[in-house]
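# Structure assessment
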Amino acid sequence: MERIDLLVTDIGLLVTPPSGIVPRYGAEMSVIHEIEHAAIAIRGERIALFGTESDVRSQLTGIEIGETVSAKGKLVAPGFVDPHTHLVHGGSRENELSLKRSGVPYLEILAQGGGILSTVRATRAASEQQLLEKARGSLNIMLLNGVTTIEAKSGYGLSLEDELKQLRVAKQLNSRHPVDLVSTFMGGHAVPTEYTGRADEYVELLVSRMLPEVASQGLAKFCDVFCEAGVFSIPQSRRILQEGKRYGLIPKIHADEIVSLGGAELAGEIGAISAEHLLAASDQGLSSLAAGGVVPVLLPGTSFNLGLKQHARAREMIDTFRLPVALATDYNPGSCPTESIQLIMMLASLNLRMTPEEILTACTINAAAAIGLASEIGSIELGKQADITILDAPSLAYLPYHFGINHTFGVIKKGRVAVWNGQLASGE
Ligand code: NIG
Ligand code: FE
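Residues numbered from 1 in each chain as written. Chains lettered and ligands numbered in written order. Predicted model: local features only at pLDDT ≥ 70, side-chain atom pairs only at ≥ 80, totals over all residues. Heavy atoms only, no water.

Moving on, we come to the packing of aromatic side chains. Within the structure shown, the criterion is met by 4 aromatic pairs. Chaining the aromatic ring pairs together yields one cluster made of Y195, Y202 and F232. The ring of F409 is capped by K74, whose NZ or CZ atom sits 4.8 Å from the centre of that ring. K252 extends its terminal NZ or CZ atom over the ring of F222, reaching a point 4.9 Å from the ring centre. (Phe/Tyr/Trp six-rings, centres within 6.5 Å; stacked < 30°, edge-to-face > 60°. Lys NZ or Arg CZ within 6 Å of the ring centre and 35° of its normal.)

Attention shifts here to the sheet that holds strand β11 (residues 274–277). The parallel open sheet is built from 8 strands, whose spatial order is β6-β7-β8-β9-β10-β11-β12-β13. The sheet is open, and its two borders are formed by β6 (80–82) and β13 (326–327), each paired with just one other strand. In this sheet, β13 lies alongside strand β12 (residues 295–298) in parallel orientation, the contact comprising 2 bridges. Across the sheet, residue V297 finds its bridge partner in β13, namely A326. (Pairing = 2+ DSSP bridges. Helix = DSSP H or I, 4+ residues; strand = E, 2+ residues; numbered from the N terminus.)

In this structure, L87, F185, L327 and M354 are the most contacted members of the largest nonpolar core, which totals 101 residues. Ranked by residues supplied to this core, first place goes to helix α7 (residues 199–216) with 8 residues. When residues are assigned to domains, this core turns out to be shared by domain 1 (4–79 + 377–424) and domain 2 (87–369), each giving three or more. Among all residues touching F185, those that are not within four sequence positions of it are S154, E163, L167, L206, M210, L211, V214, A220, F222, C223, D224 and L249. (Core = buried A, V, L, I, M, F, W, Y, C linked by side-chain atoms within 4.5 Å. Buried < 20%, exposed > 50% of the residue type's maximum accessible area, 1.4 Å probe, protein only. Domains from an automatic or database assignment. Contact = heavy atoms within 4.5 Å.)

This part takes up the coordination of the iron ion (ligand 2). For the iron ion (ligand 2), the protein coordination sphere consists of H84 (NE2), H86 (NE2), H254 (NE2) and D330 (OD), at 2.1 to 2.3 Å. Counting the intervening residues between successive donors of the iron ion (ligand 2) yields the motif H-x1-H-x167-H-x75-D. In terms of burial, H84 and H86 fall into one category: buried. (Donors = N, O, S within 2.8 Å, 3.2 Å for Na, K, Ca; no water.)

A cluster of nonpolar side chains, contributed by I258, V259 and L261, occupies part of the molecular surface with about 180 Å² of accessible area. Residue position: I258 is located in the loop between β10 (250–255) and α9 (263–270). By relative accessible area, which is 32% here, I258 ends up partly exposed. (Patch = residues over 30% accessible without salt bridge, like charges linked within 9 Å, V, L, I, M, F, W, Y side chains within 5 Å. Areas by Shrake-Rupley, 256 points an atom, 1.4 Å probe, with all protein chains shown as cover. Salt bridge = Lys/Arg side-chain N within 4 Å of Asp/Glu carboxyl O.)

Turning to the environment of H33, a few remarks are in order. You can see H33 is positioned in strand β2 (residues 33–43). The partly exposed category is assigned to H33, whose relative accessible area is 42%. Each residue touching H33, except ones within four places of it in the same chain, is listed here: L14, V15, T16 and P18.

Here is the key point about a regular strand: its side chains alternate between the two faces of the sheet. Within strand β9 (residues 222–227), 6 of the 6 residues are buried, which leaves the element mostly enclosed by the surrounding structure. As paired strands, strand β8 (residues 180–188) and β9 are joined by 3 bridges and run parallel to one another. From the neighbouring strand, F185 faces β9, where its bridge partner is C223. For the handedness criterion, the β-α-β arrangement of β8, α7 and β9 is classed as right-handed. Looking at chain direction, β9 and β10 are connected through 4 bridges and run parallel. If you follow F226 over to β10, its bridge partner there is H254. (Right-handed = clockwise from strand over helix to strand, strands pointing away.)

See below:
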């Protein structure tokens, strides 16, 4: 072995899904490898060696080591992956809080021109620089919480220029910020006000003008649609995702969140990489996800914040349908204004009845699989990207147990220290 650039020593407990480049299905989600008194050796951006500290040290005898950092006996896990965010947007919607709390449903606020459409107005009015500064602030919070890769959707522009503006911001952040971003085009997030009552015409604009431009500028990897009663129907969603595929964009879908429309069935039929929310998904829908190899991305922060009684059926998804469940924040200014993946872990424990092991799998390798990156990130293993989070916690179960705080002490992203002592290391 040649030189090691960074050696992380004195890891109290290392926890990771087993090696692998595919998601973990059903009962496999409970399997977490644990190594006490561990160390990780990194060369460049990749993990070169890991194991017990004594093993690692003996294998490194005579090898030059650039920098050594002590994890101070703490818990070390793969960097968390947040596979569903609406990171880039203008404004905020605290003005809707009292409406929501007085019981006005989410879809009704949208139908009245508020909700997503209010954020569309704020996003259109914002300059690219303003959007970038706001998104950078949220991305910093995510990094400080141990997140090393996220997905970011457009969908608050809903015109060609404004969608491109959002996607350009995500691209810029990806090149300038330690956190990696993968982009999703979500022109199908809502029907913009100027097309009220003419949803099919808007879908036409989306497929004939927006998709080709987004694809030719290489601004997105995925295409997503809000398939929901009163938003985009099953046929409209199918058209958007199928056309997206023609342009090389991999389908994702906001499916069966509030009404059981058959979005999960469509996800399986069309070969989506992931299907999101799924609170109201039918048994047939869940079978369709299993048959189609679709990753269900559950968003317990959203059901919590919308005050819904219903939650996604995570236990059945894992135990009966053997699905590879992933978790995400759904960070957005309406249904889930939080960047905290650690709060999501707590809610997954409380409301989805997932175990700490399943939660770790869902926030690492399965989340990576939901954005097509399971071969690069999501586990601590030889050759994978050196994305690591160091947590001030004695055990894995401590994370969803001690809630409402940030446990992250340090983050290593692509072999570089990005957070230390709870502070950002760089000028970001
Ligand atoms: O995933 N459901 C649709 N889209 C977002 C909410 C966006 C918003 O309210 O601004 C979601 O929950
Ligand atoms: Fe969403």
